[in-house]
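For reference, the chains in residue letters:
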Amino acid sequence: MAEAAGFDVDAPTLNRFVMANTRDHELVILLNAIATSCKLITSAVQRAGVAKLYGLAGEVNSTGDDQKKLDVMSNDFMINALINSGVCSVLVSEENEEPIIVPKEKAGKFCVAFDPLDGSSNIDCNVSVGTIFSVYERKAGSEGTVEDLLRSGAECICAGYCVYSSAVELVFTFQGGKVHGFCLDSTIGEFVHTRVNMQFPEDGGKKIFSCNEGNVNYWDKPIQDAVAEFKKGPKPYTARYVGSMVADIHRTLLYGGIYMYPADNKSPKGKLRCLYEGIPMGLITEQAGGIASTGMFEGKIQRVLDLTPDAIHCKCPILMGGKRDLQVVYDQYKKAGIETPEL
């Protein structure tokens, strides 16, 4: 690779990667619009203190959570970029109760669901936050309706997340493809390909379990027993829980371990949103060699990607990680006499 004075003269940028791997000009435009939104969110997050962007906006979102100022701003960035990209027909955001139908004169073939600023409850104390998105193609003959998005993960054509931290990384995958990571190079204002074919560690990696143990009394017994199992022995697992899904999944993907937000007595359908949290993270997890399970949900243990959302903001439980650690959970379900899939 030719370099001069520390500069890469052939930088493998996001746009170049998407074009080389898909030859789909509209998909290049879509990913560029998402990347632009992520750059704008990066700027807002980094300047949140001096620009007085901390605190509440005085509103609540589609699921009843208090909106932060940065939630509203990040949502506006995403919506404006995607509508004006000319390649989207339907948008669903965690921050909007209703779907956004793109005007016909600007409409295209893609339908995008997104959480513009995941983990924003942590933003005021400077903890990592992120953006999550899933992409579907409009059904043949459709002019763009919410039904184009209410489909299983098997029909999701692209999924990704961007994590805003000491570095800004955009991680995504195409259906049937590999998982790739791009780091924002602020000197050129471009996402550059830095992580090729991201995979869960073959041996399971570091022994880390990640969950909100404050909910332990509400969990079903197999989940309680699995967490107890993680803590046993002379070398128990380490507990790591950020509370921002993007940060926790990103660490789990890179280091190994398991991330859990199971259903419980308090939230029997789980807490995370299926369309723009469960499905995109499930697709990334599976295509990186991991397992994305619901645990016990609606009477059986299921793959997250087999779920079909029945509403744009419906929820699902999530257990994601490598086979070694999911097996610990599944073994507890078996002990409880619950029919459990083989991993």
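A brief report on the enclosed structure follows. Since the structure is predicted, the reported quantities are computational estimates derived from the model, not experimental observations. (Residues numbered from 1 in each chain as written. Predicted model: local features only at pLDDT ≥ 70, side-chain atom pairs only at ≥ 80, totals over all residues. Heavy atoms only, no water.)

Within the protein one finds seven helices and 20 strands. Here the C-alpha atoms of the protein give a radius of gyration of 20 Å, agreeing with the 20 Å that 2.2 N^0.38 yields for 343 residues. Reported as C-alpha extents along the three principal axes, the dimensions of the protein are approximately 55 × 50 × 40 Å. Of all 343 residues assigned to the protein, the portion counted as buried reaches 53%. Here the protein has roughly 14800 Å² of accessible surface; of this, 49% comes from carbon and sulfur atoms. Taking the 34 positively charged and 43 negatively charged side chains of the protein as two groups, their mean positions are separated by 5 Å. (Helix = DSSP H or I, 4+ residues; strand = E, 2+ residues; numbered from the N terminus. Rg over C-alpha atoms; globule rule 2.2 N^0.38 Å. Buried < 20%, exposed > 50% of the residue type's maximum accessible area, 1.4 Å probe, protein only. Areas by Shrake-Rupley, 256 points an atom, 1.4 Å probe, with all protein chains shown as cover. Lys, Arg positive; Asp, Glu negative; His and termini not counted. Charge placed at Lys NZ, Arg CZ, Asp CG, Glu CD.)

Looking at the secondary structure, you find S210 in strand β13 (residues 208-210). Overall, the relative accessible area of 0% leaves S210 in the buried class. In contact with S210, other than residues within four places in its own chain, are R240, Y241, D248, R251, I258, Y259 and M260. (Contact = heavy atoms within 4.5 Å.)

Right, let's talk about the nonpolar core for a bit. Core analysis: the largest hydrophobic core is formed by 43 residues, its most contacted members being L30, L82, L91, F133 and F191. For this core, the element with the most residues is helix α2 (residues 25-46), which contributes 11 residues. Once residues lying within four places of it in the same chain are set aside, the contact partners of L91 are I79, L82, I83, P99, I100, V102, V112 and F114. Among the nonpolar cores identified, the runner-up in size contains 41 residues, and Y161, V163, I284 and A292 belong to it. (Core = buried A, V, L, I, M, F, W, Y, C linked by side-chain atoms within 4.5 Å.)

A separate point is the environment of Q67. By secondary structure assignment, the location of Q67 is in strand β4 (residues 66-68). Q67 sits 54 residues away from S121 along the chain, and the two C-alpha atoms are 8.7 Å apart.

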